[in-house]
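A structural walkthrough
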Amino acid sequence: MEARMTVPEDRCRLVLIVPDIADIEEQAKVVADALRGGDVASVIIPQYGLDDVAFQKHAEKLVPIVQAAGAAALISGDSRVAGRAKADGLHIAGNLAELADAVEKFVPKLIVGGGSATERHSALEVGELRPDYIFFGKLDGDIKPEAHPKNLALGEWWASMIEIPCIIMGGTDAKSALEVALTGAEFVALRAAVFAEPANAPSIVAEVNALLDEKAPRFED
């Protein structure tokens, strides 16, 4: 599974962030439908407001669905939940110490990435830990149609200099995926852009992949 995240295809790929849906069956259906839409590199599963027991149940339901679609399932924040749910990895949105601890304990058994870098210095500190990826933005940071300009600028700078792959949070408009791809980033994360209207999720995933196929820059080997 590790190769899926660390060796991207020849263009920017899609990362999905599971939407905040309390009903476990509904959440699972929405995610399964979206994954039928086309290529997805990985799916990040946040805890949102769930207590640990409920989050565990959601994770155990979602992880096999994600893996069956050929994507890597990443649990946000809780290594015990990740272990019990047999997830592929751990997304650490917290501080540097938390990320350092997770990298030390779980790499290479699990994919570990994240970071809350908001400028170059903190991004380089994340890079020194050698995670599998760095994430620019917040998992719920899609509040405007376009990706946040600061995250685009950081991602462009990072992708031009550093080998560790980066994921940039996109906006609420699916077309923001192309903005991200044009920075040279390996991955674009979408949440509301795909899941705001759950019935449309598969067609939006297909649309984003078609857009990236047509217009995203290709990586050199």
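Residues numbered from 1 in each chain as written. Predicted model: local features only at pLDDT ≥ 70, side-chain atom pairs only at ≥ 80, totals over all residues. Heavy atoms only, no water.

Per an unreviewed UniProt entry, the recorded name for the chain is Thiamine-phosphate pyrophosphorylase, and the organism is Rhizobium miluonense. Under the UniProt heading Pathway (unreviewed entry), the entry covering the chain gives this text: "Cofactor biosynthesis; thiamine diphosphate biosynthesis." (UniProt positions renumbered as here; feature names shortened; annotations may be inferred.)

Considerations on unusual backbone geometry
The omega angle of the peptide bond from Val107 to Pro108 is 5 degrees, so this bond is cis rather than trans. With respect to the secondary-structure elements, Pro108 resides in the loop between helix H5 (96-106) and strand S5 (111-114). In this model, Tyr48 sits at a positive phi of 50 degrees, which is unusual for a non-glycine residue. Following the sequence through the fold, Tyr48 ends up in the loop between strand S2 (42-45) and helix H3 (52-68). Its relative accessible area of 28% is what places Tyr48 among the partly exposed residues. Positive phi, close to 60 degrees, is recorded for Lys86, a residue that is not glycine. Following the sequence through the fold, Lys86 ends up in the loop between helix H4 (79-84) and strand S4 (89-92). (Helix = DSSP H or I, 4+ residues; strand = E, 2+ residues; numbered from the N terminus. Buried < 20%, exposed > 50% of the residue type's maximum accessible area, 1.4 Å probe, protein only.)

Remarks on the packing of aromatic side chains
In total, this model carries two aromatic pairs according to the counting rule given. Taking 6.0 Å as the distance between ring centres and 75 degrees as the angle between the ring planes, the aromatic pair formed by Phe136 and Trp158 counts as edge-to-face. Pair noted here: Phe136 is in strand S6 (residues 133-136) and Trp158 is in helix H7 (residues 149-161), with a separation of 22 residues, a long-range link. Trp158 carries the same exposure label as Phe136, and that label is buried. (Phe/Tyr/Trp six-rings, centres within 6.5 Å; stacked < 30°, edge-to-face > 60°.)

Side note on the sheet that holds strand S1 (residues 13-17)
Taken in spatial order, the eight strands of this closed barrel run S1-S2-S3-S4-S5-S6-S7-S8, and their pairing is parallel. Within the sheet, the average angular offset between the axes of one strand and its neighbour, ignoring direction, is 25 degrees. Relative to strand S8 (residues 187-190), S1 runs parallel, the two sharing four bridges. Bridge pairing in S8 links Leu14 to Val188. (Pairing = 2+ DSSP bridges. Axes fitted to C-alpha atoms, helices over the stretch in contact; angles between N-to-C directions.)

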